[in-house]
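Below, each chain spelled out in residue letters.
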Amino acid sequence: MQSSSFAMLLDRSSKPLSAINPTLNPALHALQCISCEAIYPVSDLPEGCPACHGRGRPSSVEAVYDARAFDFAPKSTGYRWGHCLPYLNGVTLGEGDTPCLPVPALAELAGVASVWIKNEGANPTGSHKDRMSAQAVSRALAIGASEVVLASSGNAAVSAAAYCAAAGLACEVATYRDLPPIFDAALRYYGAKRIVCETGHARWQHVRQRVRDDGAFPLTNYSIPAVGSPVFGVEGYRAAALEWVHQGCEPDHVIVPTARGDLLWGIYSALRDLVAARRLARVPQLWAVEPFPRLWRVLAGEPQQGDFYGATQQFSTAGSTVTAQQVLAVTRSGGGAVVVGDDAARAGTAALASAGFWVELCAGAGLAAAQMLRADGRIDASQSVLLMLTARGDRDPAQG
């Protein structure tokens, strides 16, 4: 029989084991639309910019920081890069400070001067999503939310469930029916509630209903047409770029596996701010890697608000939508979209494994993208490339 104290530990409705009091960054003074540049007070705008939404062209908002945020030296208290993020401290499992390494064997394979890897699989739950979860769940706590809801059938689901468990918040995840067993097990152990949906749009409909009718705090997009995830989570990805510059990497090109562009925009915004603060000479070209043409089609002239369906085993980047943050991050940096099919992604994954890095299939597509960009001359042999290795490969259903 379980002791009463042990039963209390298993009760997800109980309070967290230790008090967490997130501190909002005093340098954060507004939100701004990334498209029309409308300014809003610091608040929660999960559907993005109200003005753009009203015009039928949804767009994300981003945080606006004053000069206090432009001291890019890492701090020893709170979050390591909290002074450049919305929250100085809050819910944490030790995310960030992931390895950034040059790998000569990959540079030789890609035909470039150097290839660096940013190994996000070293985060606590095994993916870059922990950066978003730390900031977003801290926001939920700060405003007094009691429940978090999101749509995910992969790394974001596991990460959100873990951070909500640490925070003592209820977590509900709208997933596909065929959620890989390892993810299902993780949700159960973390105490998250799983809602089974048949389609991606059905997942968003469920989240939208829970937010609008019940006041749940959303961690991911639920709008159609899509925007990025809510601003406080997306801002958490800025730290990845701040870290690699601090770690001595200043690449010419950054290659990012992309679904709706949360990671892509966070990286772009940090690099842009580093340039504005004269800590970096230029923003590198950002390349969004996708498993079938979506952003590629929008950049070729199709409407951003369409649905772009395709089949792939790269489950982390398998969505059918394009967001303004994707379009703006690649165009403003002088990059673009690279379509990498599953066979090429598997070859890239195998090459990374040969160098010591077992990653999810879409991260392997990043190496294949670098080879394609070098072959057609968009990357020069004298240049350096950074690959975002978004997650470990040990729970990728395409690699079982």
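Quick summary incoming for the structure in this document. (Residues numbered from 1 in each chain as written. Predicted model: local features only at pLDDT ≥ 70, side-chain atom pairs only at ≥ 80, totals over all residues. Heavy atoms only, no water.)

This part covers the side chain of N155. Note on placement: N155 falls in helix α5 (residues 155-167). A polar side-chain atom of N155 sits 3.3 Å from a polar atom in the side chain of E360. (Helix = DSSP H or I, 4+ residues; strand = E, 2+ residues; numbered from the N terminus. Polar contact = N/O pair within 3.5 Å; in protein donor to acceptor, adjacent residues only side chain to side chain.)

One open sheet holds the four strands; their spatial order is β10-β9-β8-β11, and the pairing between them is parallel. The open sheet has two edge strands with one neighbour each: β10 (193-197) and β11 (217-218). Inspection of the sheet shows strand β8 (residues 147-151) paired to strand β9 (residues 170-176) by five bridges, in the parallel sense. Each residue of the ladder has a partner; that of V149, found in β9, is E172. (Pairing = 2+ DSSP bridges.)

Time to look at the sheet that holds strand β2 (residues 28-33). Hydrogen bonding along the main chain pairs the strands of a sheet, whether they run parallel or antiparallel. One open sheet holds the three strands; their spatial order is β3-β2-β4, and the pairing between them is antiparallel. In the strand order of this sheet, the two ends are held by β3 (39-40) and β4 (61-65), each with one partner. Summarising the sheet, β2 and β4 pair through five bridges and their orientation is antiparallel. What sits directly across from C33, in β4, is V61.

One finds V137, V148, L150, C171 and L219 to be the most contacted residues of the largest nonpolar core, which totals 43 residues. Residue assignment for this core shows that the elements contributing at least two residues are β2, β4, α4 (129-142), β8, α5, β9, α6 (181-190) and α8 (231-235). The element that contributes the greatest number of residues to this core is α5, accounting for nine residues. (Core = buried A, V, L, I, M, F, W, Y, C linked by side-chain atoms within 4.5 Å. Buried < 20%, exposed > 50% of the residue type's maximum accessible area, 1.4 Å probe, protein only.)

Right, let's get into the packing of aromatic side chains. Scanning the model with the defined rule gives three aromatic pairs in all. An angle of 65 degrees between the planes, with centres 5.7 Å apart, marks the rings of F183 and F315 as edge-to-face. Note that F183 is positioned in helix α6 and F315 in the loop between α11 (295-299) and α12 (324-333), a separation of 132 residues in sequence. Given a relative accessible area of 24%, F315 falls into the partly exposed group. Across the ring face of Y176, the terminal group of R203 is positioned such that the distance to the ring centre comes to 4.2 Å. When the ring centre of F292 is taken as origin, the NZ or CZ atom of R294, which lies over that ring, is 5.1 Å away. (Phe/Tyr/Trp six-rings, centres within 6.5 Å; stacked < 30°, edge-to-face > 60°. Lys NZ or Arg CZ within 6 Å of the ring centre and 35° of its normal.)

Moving on, we come to helix α7 (residues 200-214). For α7, which comprises 15 residues, the first-to-last C-alpha distance of 21 Å matches the rise-based estimate of 21 Å (1.5 Å per residue) to within 8%. Inspection of α7 places G200, R203, W204, H206, V207, R208, R210 and V211 among the buried residues, and these make up the whole buried set. In the core, the buried residues of α7 are packed alongside β8, β9, β10 and β11. Immediately beyond the C-terminal end of α7, within one or two residues, lies G215, with a positive phi of roughly 75 degrees. (Expected span 1.5 Å × (residues − 1). Contact = heavy atoms within 4.5 Å.)

This next bit is on helix α10 (residues 262-276). Here α10 is 15 residues long and its end C-alpha atoms lie 21 Å apart, about the 21 Å a rise of 1.5 Å per residue gives. Across the 15 residues that make up α10, a large majority, twelve, are buried. Within α10 the residues assigned to the buried category are D262, L263, L264, W265, G266, I267, Y268, S269, A270, L271, D273 and L274.

Another aspect to go through is the pairing of strand β13 (residues 285-290). Counting buried residues along β13, five of its six residues qualify, which places the element largely inside the surrounding structure. Judged from the five bridges that link them, strand β12 (residues 253-257) and β13 form a sheet pairing that is parallel. Looking at β13, one finds that P257 is bridged to V289. A crossover connection joins β12 to the parallel β13 through α10; in handedness this β-α-β unit is right-handed. Pairing geometry for β13 and strand β14 (residues 336-339), over four bridges, is parallel. Paired with W287 across the bridge in β14 is G336. (Right-handed = clockwise from strand over helix to strand, strands pointing away.)

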